[in-house]
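Chains, contacts and geometry: an overview
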Amino acid sequence: MRPAVPSELDAAGVTDPALRDAYTRCRGLNAAHGRTYFLATRLLAPAQRPAIHALYGFARMADDVVDDPAADASPAAVAARLEEVRARMRRGLAGTDPRELVAEGEPVVAALADTVARYGIDHRHLEDFMDSMAMDLTVTDYPTFDDLARYVHGSAAVIGLQVLPVLGTVVPREEAAPYAADLGVAFQVTNFLRDVGEDLDRGRVYLPRDELAAFGVDRELLAHGRAIGRTDPRVRRALAHLVARTRAVYRRAERGIALLHPVSRPCVRTAHVLYGGILDEIVAADYDVLARRVAVGSGRRVAVALPRLAHAVGTRWRHRVTGAAA
């Protein structure tokens, strides 16, 4: 666990020692596992960061139940454990004292419940997320993008909707919501394209069958390429098509950045650029995603983030001077 950052917790008004420990645990999860996401979060105002860490921490906890179960865990045992996570989530959202949750060894749920209450986040978004996590236990591929849409709504679009109240908007929230959802979807599909090989190892294919079939690609061809460490030209053409389609989602989502509160824009734009940069790396690797996992290098991440950090600090300073909420 990383050490606590008192300035962030103080700015967020988190004073209870147990809750401070809970938020610190979530921050550690974000720092350890969400490199691009964590870097972008650093561009938010300190008061906003603990909530983002809490939302990430819970999503990570649930996702790990599905993607990294114990080696000897049966499918039924994994499903039962996921339902336990949902039950604990519901107990927290129902108003259980967060300090009680921490005492019971549920710091991530405690921080989540506190964040949801502070920002009035719709509980349905959390339920939809858990529904998609459950789909991963039984669904191994998707015939079309329409079939994939339900999963992506719960696994990605609702993440954008969860963080939107924390980011704040300059328009009614419902006007910004579709763009926030689109950005979540863009990030998720980018992950699908980057992680084709790893997902195959887990027995899943998230790229729609009909889109792949249009280029002569099926699961067997993907699995063969994974086994020999070489990407077939047909797979490259299919991925090029899907990368272009995903870029269109990024362009649509980008229009929503201007609708966010000014203090939040540098963070979201950085995430937009860095995650979009993963698509650039896929192209630069000639779509060779079966043999290795492409990533945006740390130098590129710093080069993108530093100018926006300066802008973020300046924006926060101006809003403090003018008395605007940050």
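For the structure itself, look to the data block above.
Worth saying up front: this structure is predicted, and the values here are computed from it rather than measured. One numbering rule holds for all chains: residues counted from 1, following each sequence as written. The predicted origin of the model limits local features to residues at a pLDDT of at least 70 and limits the giving and counting of side-chain atom pairs to 80 or more, whereas totals for whole chains, interfaces and linings rest on all residues. Heavy atoms throughout the structure, all of them, feed into the side-chain values; hydrogens and water do not.

**Comments concerning the packing of aromatic side chains**
By convention, a stacked pair of Phe, Tyr or Trp rings (six-membered ring in the case of Trp) has centres within 6.5 Å and planes under 30 degrees apart, an edge-to-face pair has planes over 60 apart, and any other such pair is tilted. Here the structure, examined in full by the defined rule, presents 8 aromatic pairs. When the ring of Tyr142 is compared with that of Tyr151, the centres are 5.9 Å apart and the planes differ by 40 degrees; the resulting orientation is tilted. Residue classification places Tyr142 among the buried positions, given a relative accessible area of 3%. Only protein chains enter the area calculation, which uses a 1.4 Å probe; residues under 20% of their type maximum are buried, those over 50% are exposed, and those in between are partly exposed. You can call Tyr151 buried: its relative accessible area is 3%. An aromatic cluster is present here, built from Tyr142, Tyr151, Phe192 and Tyr206 joined pairwise through their rings.

**Side note on helix H10 (residues 173–194)**
Labels follow the DSSP assignment, with helices taken as runs of H or I lasting at least four residues and strands as runs of E lasting at least two, numbered in each case from the N terminus. Helix span, as expected, comes to 1.5 Å for every residue beyond the first. A rise of 1.5 Å per residue sets the reference length of H10, with its 22 residues, at 32 Å; its end C-alpha atoms lie 31 Å apart and thus fit the reference within 8%. Most of H10 is tucked away, with 16 of its 22 residues classed as buried.

**Regarding the pattern of salt bridges**
Within this document, salt bridges are pairs made up of a side-chain nitrogen of Lys or Arg and a carboxyl oxygen of Asp or Glu, the two lying within 4 Å of each other. In total, this model carries 31 salt bridges according to the counting rule given. The partner of Asp141 in a salt bridge is Arg209, with the nearest N and O atoms 3.0 Å apart. With a gap of 68 residues between them, Asp141 in the loop between helix H8 (123–135) and helix H9 (145–167) and Arg209 in helix H12 (residues 209–213) connect regions that are remote in the sequence. Exposure remark for Asp141: the relative accessible area of 21% places this residue in the partly exposed category. Residue Arg209 is classed as partly exposed on the basis of its relative accessible area, which comes to 43%. One salt bridge connects Asp280 with Arg247, and the closest N-O pair in it is separated by 3.1 Å. Highlighted residues: Asp280 in helix H15 (residues 265–284) and Arg247 in helix H14 (residues 233–254), separated in sequence by 33 residues. What you see here is one network of salt bridges that share partners, running through Glu83, Arg86, Arg90, Arg124, Glu127, Asp128 and Asp131.

**Examining the nonpolar core**
By size, the foremost hydrophobic cluster in this structure holds 93 residues, and its most contacted members are Phe58, Tyr151, Leu193, Leu207, Leu222 and Ile282. Among the elements that line this core, the one with the most residues is H9, at 12 residues. The contact criterion used throughout is that any non-hydrogen atoms of two residues lie within 4.5 Å. Every residue in contact with Leu193, bar those within four places of it in the chain, is listed here: Leu207, Leu239, Leu242, Val243, Thr246, Leu279, Ile282 and Val289. Residues belong to a common nonpolar core when they are buried Ala, Val, Leu, Ile, Met, Phe, Trp, Tyr or Cys residues joined through side-chain atoms within 4.5 Å.

**Quick notes on the packing of helix H2 (residues 17–33) against helix H7 (residues 107–119)**
Between H2 and H7, the least distance of the axes is 8 Å, while the angle of their chain directions is 100 degrees. Relative to H7, the element H2 is oriented roughly perpendicular. From H2, Leu19, Ala22, Tyr23, Arg25, Cys26 and Leu29 reach across to H7, where they touch Pro107, Val108, Ala110, Ala111, Asp114, Thr115 and Arg118. Classification convention: Asp, Glu, Lys, Arg as charged; Ala, Val, Leu, Ile, Met, Phe, Trp, Tyr, Cys, Pro as nonpolar; all other residues, Gly among them, as polar. When its residues are assigned to classes, the contact of H2 with H7 shows 9 nonpolar, 1 polar and 3 charged. Every axis in this analysis is a line fitted to C-alpha atoms, fitted for helices over the stretch in contact. Angles between the N-to-C directions lie between 0 and 180 degrees. Roughly parallel means an angle under 35 degrees; roughly antiparallel, over 145; roughly perpendicular, 65 to 115; everything else is oblique.

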